[in-house]
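What the coordinates show
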Number of protein chains: 2
Amino acid sequence: MKPLKNKLIRLVKRPVGFPSQDTWEYDFETIDELCDGEIIIQNLYISLDPAMRGWMNEVKSYIKPIEIGDVMRAGSIGKIIYSKNKLFKEGDFVSGWGGVQKYCRTNSKSVIKIKAEINDLPKHLGSLGMTGMTAYFGILEVAKIRQGETVLVSAAAGSVGSIAGQIAKIKGCKVIGIAGGKGKCDYVKNELGFDGCIDYKNESVTRSIRRECPEGIDVFFDNVGGTILDSALIFINRNARVVVCGAISQYNSTSIVGPKNYLSLLVNRAQMIGMVVFDFKERYQHAYEEIIRWTESGKLKSKEDIYFGLDNFYNVFQKLFNGNKQGKLILKV
Amino acid sequence: MKPLKNKLIRLVKRPVGFPSQDTWEYDFETIDELCDGEIIIQNLYISLDPAMRGWMNEVKSYIKPIEIGDVMRAGSIGKIIYSKNKLFKEGDFVSGWGGVQKYCRTNSKSVIKIKAEINDLPKHLGSLGMTGMTAYFGILEVAKIRQGETVLVSAAAGSVGSIAGQIAKIKGCKVIGIAGGKGKCDYVKNELGFDGCIDYKNESVTRSIRRECPEGIDVFFDNVGGTILDSALIFINRNARVVVCGAISQYNSTSIVGPKNYLSLLVNRAQMIGMVVFDFKERYQHAYEEIIRWTESGKLKSKEDIYFGLDNFYNVFQKLFNGNKQGKLILKV
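Residues numbered from 1 in each chain as written. Chains lettered and ligands numbered in written order. Predicted model: local features only at pLDDT ≥ 70, side-chain atom pairs only at ≥ 80, totals over all residues. Heavy atoms only, no water.

Looking now at the sheet that holds strand β10 (residues 196–199) of chain B. Spatially, the 12 strands line up as an open sheet ordered β10(A)-β9(A)-β8(A)-β11(A)-β12(A)-β13(A)-β13(B)-β12(B)-β11(B)-β8(B)-β9(B)-β10(B), and their pairing is mixed. Each end of this open sheet is capped by a strand with a single partner; those strands are β10 (196–199) of chain A together with β10 of chain B. Between one strand axis and the next, the sheet turns through 15° on average, direction left out of account. As paired strands, strand β11 (residues 217–222) of chain A and strand β12 (residues 236–244) of chain A are joined by 5 bridges and run parallel to one another. Looking at β12(A), one finds that V219(A) is bridged to R241(A). Along the sheet, helix α4 (residues 182–191) of chain A contacts β9 (174–179) and β10 of chain A; its crossing angle with β10(A), the most-contacted strand, is approximately 170°. (Pairing = 2+ DSSP bridges. Helix = DSSP H or I, 4+ residues; strand = E, 2+ residues; numbered from the N terminus. Axes fitted to C-alpha atoms, helices over the stretch in contact; angles between N-to-C directions. Contact = heavy atoms within 4.5 Å.)

Let's shift gears to the relation of the copies chain A and chain B. Take chain A, turn it by 180°, move it 0.0 Å along the axis, and it overlays chain B with an RMSD of 0.0 Å. Such a turn and shift between the copies fits a two-fold axis. If distances are taken from each C-alpha of chain A to the rotation axis, the shortest is found for G258(A), at 2.2 Å. Most of the interface of chain A is mirrored in chain B, where 100% of its interface residues are also at the interface. (Least-squares fit on C-alpha atoms with pLDDT ≥ 70 in both.)

Another point: helix α9 (residues 313–321) of chain A. All names here are of chain A. Counting buried positions along α9 gives 7 out of 9 residues, so the element sits mostly inside the fold. Residues of α9 that are buried in the fold lie against β1 (4–11), β2 (24–31), β3 (39–48), α1 (51–55), β14 (304–308) and β15 (328–332). A positive phi of about 75° marks G323, the residue just after α9. (Buried < 20%, exposed > 50% of the residue type's maximum accessible area, 1.4 Å probe, protein only.)

Moving on to the domain arrangement of chain A. All names here are of chain A. Segmenting chain A into domains produces domain 1 (4–126 + 303–332) and domain 2 (130–278). Computed from C-alpha coordinates alone, the two centres of domain 1 and domain 2 are separated by 28 Å. In this complex, domain 1 contributes 20 residues to the contact, which on the side of domain 2 involves 16 residues. Along the contact surface separating domain 1 from domain 2 lie 0 salt bridges. Connecting domain 1 to domain 2 are 7 residue pairs in polar contact (both at pLDDT 80 or more). Residue composition of the side of domain 1 that touches domain 2, by class: 10 nonpolar, 5 polar and 5 charged. (Domains from an automatic or database assignment. Salt bridge = Lys/Arg side-chain N within 4 Å of Asp/Glu carboxyl O. Polar contact = N/O pair within 3.5 Å; in protein donor to acceptor, adjacent residues only side chain to side chain. Nonpolar A, V, L, I, M, F, W, Y, C, P; charged D, E, K, R; others polar.)

Take the interface of chain A and chain B next. Residue-level contacts link 34 residues of chain A with 34 residues of chain B. If you sort the residues of chain A by the area they bury against chain B, Y262(A), L266(A) and R269(A) come out on top, with a joint share of 25%. Here chain A is connected to chain B by 4 salt bridges. The shortest N-O distance in the salt bridge between D279(B) and R269(A) comes to 2.7 Å. Summed over the shared surface of chain A and chain B, the number is 7 residue pairs in polar contact (both at pLDDT 80 or more). Looking at the side of chain A that touches chain B, the elements that each hand over two or more residues are α6 (226–234), β12, α7 (263–267) and β13 (271–274) of chain A. Considered class by class, the residues forming the side of chain A that touches chain B number 20 nonpolar, 9 polar and 5 charged. (Buried area = accessible area lost by both parts, 1.4 Å probe.)

Moving on: the packing of helix α2 (residues 130–142) of chain B against helix α8 (residues 284–296) of chain B. All names here are of chain B. Two elements in contact, α2 and α8, have axes separated by 10 Å at closest approach and are oriented at 95°. Relative to α8, the element α2 is oriented roughly perpendicular. Note on element contacts: α8 touches α2 through Y284, H286, A287, Y288, E290, I291 and W294, opposite M130, G132, M133, Y136 and F137. For the contact of α2 with α8, the residue count by class is 9 nonpolar, 2 polar and 1 charged. (Parallel < 35°, antiparallel > 145°, perpendicular 65-115°, else oblique.)

Once that is clear, we can look at the packing of helix α5 (residues 205–212) of chain A against α6(A). Residue and element names in this part refer to chain A. The N-to-C vectors of α5 and α6 enclose an angle of 35°; their axes lie 9 Å apart at closest approach. Crossing handedness for the pair α5 and α6: right-handed. Within the contact between the two elements, α5 uses V205, T206 and I209 and α6 uses I228, S231, A232 and I234. Across the contact of α5 with α6, the residue classes break down as 5 nonpolar, 2 polar and no charged. (Left-handed = near helix turned anticlockwise from the far one by under 90°.)

A separate point is the environment of P19(A). All names here are of chain A. Among the structural elements, P19 can be located in the loop between β1 and β2. Between the alpha carbons of P19 and F220 there is a distance of 29 Å; along the sequence they are 201 residues apart. In this view, P19 contacts W24, R53, M56, N252, Y314 and F317; residues no more than four positions away in its chain are not counted.

Before going further, it helps to spend a moment on helix α3 (residues 159–170) of chain A. All names here are of chain A. If you check α3, its first and last C-alpha atoms are 17 Å apart, about what 12 residues at 1.5 Å a residue would give, namely 16 Å. By the criterion of burial, α3 is predominantly enclosed, with 10 of the 12 residues buried. When α3 is considered as a whole, its buried residues turn out to be S159, V160, G161, S162, I163, A164, G165, Q166, I167 and A168. One or two residues past the end of α3 sits G172, with phi positive at roughly 90°. (Expected span 1.5 Å × (residues − 1).)

Before going further, it helps to examine the pattern of salt bridges. Residues and elements named next belong to chain A. One pass over the structure, following the stated rule, counts 40 salt bridges over all chains. Note that E29 is salt-bridged to R10, the shortest N-O span being 3.9 Å. On the criterion of sequence distance, the pair formed by E29 in strand β2 and R10 in strand β1 is long-range, its members being 19 residues apart. Residue class for E29 comes out partly exposed when judged on its relative accessible area of 32%. Looking at R10, the relative accessible area reads 22%, which means it is partly exposed. Overlapping salt bridges, with partners in common, bring together R10, D27 and E29 in one network.

Within a pair of aromatic rings, the relevant descriptors are the distance that separates the centres and the angle that separates the planes. All names here are of chain B. Enumeration over the complete set of coordinates arrives at 28 aromatic pairs over all chains. Ring geometry for F313 and F317: centres 5.9 Å apart, planes at 40°, overall tilted. Of this pair, F313 and F317 both sit in helix α9 (residues 313–321), 4 residues apart, which is roughly one turn of the helix. This pair shows no difference in class: F313 is buried, exactly as F317 is. On the numbers, 5.5 Å between centres and 55° between planes, the contact of F317 with F321 is tilted. Placement of both F317 and F321 in helix α9 is noted, with a separation of 4 residues, approximately one turn of the helix. (Phe/Tyr/Trp six-rings, centres within 6.5 Å; stacked < 30°, edge-to-face > 60°.)

Given below as C-alpha cells:
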C-alpha cells in the first residue's frame, strides 16, 4: 500500500460542563503498513450522538471512557480501502467505531459489513443504525408498549425520539411528543404523524401534558431529563414505564438535577428503567429488517441532518446540545 | 346496646412540612344505635406508619386523602363489642382501618377477622400485618431477589426494613442494612442477623457502602430516599432493582430532593420500581402463613415498640420521623 496521511481529532482534556473547543486537537499521522487481519476504512459519514459527552468523563459507565490522547470515539460508516482480512475486501461498506478521523486502521472486531446503496449510507447511522436500534428496543422491549396506550416522547424531533414515537404509532398507541420550537413541533405532528407535540420553548410543559394526555401517560420515553422528566412524572398512570434512554439536559451540567417527583413511581406502582442498546445486539438484525420494511412502506420516516468536513466537528458537536438540529446529526468526511 | 362514648382524633388542617400538634383535635361522640350490617370495634392497638403523613396531603395518591374533619386514618386491631352483621360476632378480633379512636363503628367491608392469642395481637399490625406484607411482597415480588445477591436495606431497624432484610437472608442473599445509631446497628447485625449495618449518623454512607458491598448492590430496598438513595445508586450493579417502598426523609419536606444519581439506572440497565402493598392483597394469606412459619421456627424476628393511650398520639407520631423508635410503632388504646 502507499502511505496514507490520516487527519484525526484527539481528546486532549476532560471537559467540565460544556466542552470548549480546546477539549480536542487536530492531528495528523501516516499509516504505511497493515498487520495481518487489519483493514483500513475510509470514513464517509461520522455519527454525532449526545452519548459522546458521557464517554469523555472519567467515570465507570457502560463503556470505557475515551482516554486522553485517543481519537475521539464515534460511530461511522466507511469504505474499506485496504484489507489484510479475509472477511473484508476493498470496496466493502462497513459500520463501526471509526472515530472522528479520515481513515480508521483497525482489526475487524468492532466493524460489521453493510449492504447499502451509496445514497442510503447516512441512514445506516440513523434509523438503520444504533439510533434506530435504540428507538426500536427501547420502545418495544424496555417500555413494552401495548396497543391503545398513551406514549409521551421527549426530544421527539431528535434522532431516537422521532423513531421511537413512530414505532409506537405503528403499534397502535396514542403518541405525544415534546420538542423545542414551532418548526420541530410541526414536523413531529405533520410529517411524523404524532397525535400532538408540546413546544417546551413556548408552552408550560406541565399544563400541556395535562391537555394532550387527559388519560395520563402509560409510557414516557425520556431523552431529556430535568424539569421535563419531572413534569411527565406528575401524569404517569398506574403501572407506567419511564424509559431512561438519555438525559441531554443534564450531560453538560456540573450538578445533575434528580427527578423530584420520583415518588410518583411509588404511588403509581410504576418503573423507571435504564437502557443501553448494546444489550440487544444479538437481535439487531431482526430490528434492522423490520425498520427497513416500515421505511419502504412509508410508515417510518427519518431525517438526517448532515454537515460537511472534519473541520466542522466542533460546530456540529455543539448542535447536539443547543437544540439546533432536526433528526440524526451526521458529519460527512 | 347501651350508648358508647367514643373518643377520637380528627384531622383539622392540612400540615405543611412537619405537622404541628394543632393538625389534629380530640373529639367525643356518642354511638347509640347500629344499622343492619354494622359492627362496633373496640380498638386495642393502633398502627403508626410513615404513610400517614402522605394521607394528610390533598394530592392524588394510591389512597384518597383524609378529609378535613375526618377521624385520623390508621390501621388497627380491635375486638368486636356489638354486631349487627352475621359474619362477625361479639368477641371476634379484627384487623382493619379502625382509625385513631377508641371505638370504630363500621360496616364490615374494611375489616378482616384474625385468629390470635391476645398477646400476639400487636404482631398482627407488625410482621403479620401490612408491615410484614409490604416487606414480603416488596423483597420477593417487586425486587425479585435471587440467592447470592447483595441486598441493601435502608431503615433496616424499622418495621418494614427489618423484615425485608431478614427475608432476603432466609433466601440466601448477602444483606447489609443502614440504620441510625450504634444501638440500632447492633440490633440489626446481632439480633436480626444482617451481614453488616451502616450507621448513617456516624459514618459516611457512601464510603461505608463501598466497604460493605465490594461486589456492588443488586437490590436496594429503600424506605428513606434523599441522600441515602443517592449513595446507593452509585453502587448498583447491572440489572439492579431499586424498590421505592418509601421515602421517610422526604415526607415532611416542603421541597423533595430527587435522586441526582438516577442516570446510574441507565448506565447499569437498572430499574427503580414503586410499590403499594394493597396490590398484593389476593396473596396476603399465603405470605401470612409463610411469615408465621418463619417466626415459629425462629428464623424471623420482629419487635413492636408499644406506647399507651390515645392522649399520647402526637408524641408517638413524632417518633415515626425522628428516628427514635425500633421496630413497629404501635399505640395501645
